[in-house]
Amino acid sequence: MTDSLYIVEDDDAVRASVHALLSMEPSLAVRSFRSGDAFLEEAGELDSGVLLLDLHMPGSSGLDVLHALHELGPRKFATVVVTGQGDIDLAIEAMKAGAVNLIEKPYEAKALLSAIDAAFAGLAHEGATAARGEQARAKIDGLSAREREVLLGLLEGRANKVMALALEISSHTVAMCRANLMTKLDVSGLPGALHVAFAAGLIPTR
């Protein structure tokens with residue numbers, strides 16, 4: 001499997017050197033851009049991957065690129081920012097804007113490759129989490145309105161009789177809805193239903 005990596009660096013010599021180094025990795029498909037603006041022009045059409053982004057560039061800076069990518073929607077790039085020594089405030093701003101890691105110039109090849117590997121690992125984890133979320137939401141969407149009400153009642157810890165009174169239906173109907181929603185969610189009990197509900201975003205994480 002080939003992973004996509006994008007280099008955004010305005011210094012021609014640095015960009016060529018890093019591109020040559022990373023192109024030696026057989027699992028990487030590397031593309032380079034000499035400005036943030038050039039990258040953003042194609043960002044929407046590019047495959048998901050790791051972005052090696054210099055913060056100091058004419059035109060759109062690295063921070064401008066990070067903010068623009070955030071506006072595009074769900075993150076498709078795991079960004080490793082490259083900054084000069086001592087740019088602590090700028091580095092903090094980059095992390096707040098969505099960067100997953102940072103390295104300082106000048107950097108060693110080993111440190112660069114380590115940061116890129118970690119970024120790809122994080123991207124794979126996020127992709128798996130997103131896929132589970134989509135599957136869970138599809139299951140939730142397959143519930144009837146009544147089954148969803150019963151599920152929400154279960155998430156609140158309500159007993160069947162309590163839900164029956166609140167929904168003005170019989171306990172038997174609640175039990176039937178409960179059995180049906182468990183089947184539709186493909187779970188065998190409440191713990192499984194909780195897991196699906198959490199993955200689908202029905203249970204707040206904070």
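Cut-offs used in this document
- Residues numbered from 1 in each chain as written.
- Predicted model: local features only at pLDDT ≥ 70, side-chain atom pairs only at ≥ 80, totals over all residues.
- Heavy atoms only, no water.
- Pairing = 2+ DSSP bridges.
- Helix = DSSP H or I, 4+ residues; strand = E, 2+ residues; numbered from the N terminus.
- Axes fitted to C-alpha atoms, helices over the stretch in contact; angles between N-to-C directions.
- Contact = heavy atoms within 4.5 Å.
- Core = buried A, V, L, I, M, F, W, Y, C linked by side-chain atoms within 4.5 Å.
- Buried < 20%, exposed > 50% of the residue type's maximum accessible area, 1.4 Å probe, protein only.
- Parallel < 35°, antiparallel > 145°, perpendicular 65-115°, else oblique.
- Nonpolar A, V, L, I, M, F, W, Y, C, P; charged D, E, K, R; others polar.
- Arc of directions from axis to C-beta.
- Phe/Tyr/Trp six-rings, centres within 6.5 Å; stacked < 30°, edge-to-face > 60°.

### A word on the sheet that holds strand β5 (residues 101-104)
Whenever strands of a sheet pair, they do so through backbone hydrogen bonds, lying parallel or antiparallel.
Here's step 1: Ordered in space as β2-β1-β3-β4-β5, the five strands form an open sheet in which the pairing is parallel. Both outer strands of the open sheet, β2 (28-33) and β5, are each paired with one neighbouring strand and no more. The mean inter-strand angle of the sheet, taken between neighbouring strand axes irrespective of direction, is 20°.
Here's step 2: Where strand β1 (residues 3-8) and β2 come together, six bridges link them in parallel fashion. For S4, the partnering residue across the bridge sits in β2 and is A29.
Here's step 3: Seen against the sheet, helix α1 (residues 12-23) touches β1, β2 and β3 (49-54) and runs at an angle of roughly 170° to β2.

### Quick look at the nonpolar core
Here's step 1: One finds F39, L51, L53, L66 and F77 to be the most contacted residues of the largest nonpolar core, which totals 19 residues.
Here's step 2: Breaking this core down by element, the ones donating at least two residues are β1, α2 (36-43), β3, α3 (62-72) and β4 (77-83).
Here's step 3: Of the residues forming this core, the biggest block, four residues, is contributed by α3.
Here's step 4: With sequence-adjacent residues up to four places away left out, L53 is seen in contact with V8, G62, V65, L66, T79, V80, V81 and V82.

### A few points about the packing of α2 against α3
Here's step 1: With their axes 10 Å apart at the nearest point, α2 and α3 run at an angle of 10° to one another. Our classification of the angle between α2 and α3 gives roughly parallel. Taking contact as the criterion, the partners of G36, F39, L40 and A43 in α2 are, on α3, V65, A68, L69 and L72.
Here's step 2: Its residues assigned to classes, the contact of α2 with α3 shows seven nonpolar, one polar and no charged.

### Details of α3
Residues three or four positions apart in an α-helix share a direction because the helix packs 3.6 residues into each turn.
Here's step 1: The set of residues buried in α3 consists of G62, L63, V65, L66 and L69. The arc that holds every buried residue of α3, seen down its axis, measures 160°, which confines them to one face.

### Here's the deal with the packing of aromatic side chains
Here's step 1: Tallied over the entire structure, the rule returns four aromatic pairs.
Here's step 2: When the centroid spacing of 5.7 Å and the interplanar angle of 85° are considered together, the rings of Y6 and F77 count as edge-to-face. With Y6 in strand β1 and F77 in strand β4, the pair connects residues that are 71 residues apart, well separated along the chain. In terms of burial, Y6 and F77 fall into one category: buried.
Here's step 3: Seen in terms of ring centroids, F33 and F39 are 5.3 Å apart; in terms of plane orientation they differ by 80°. Their pairing is edge-to-face.
Here's step 4: Note on F39: relative accessible area 0%, which makes it buried.
Here's step 5: Taken together, Y6, F33, F39 and F77 form an aromatic cluster joined through their ring pairs.

Any functional reading would require information that these geometric values do not contain.
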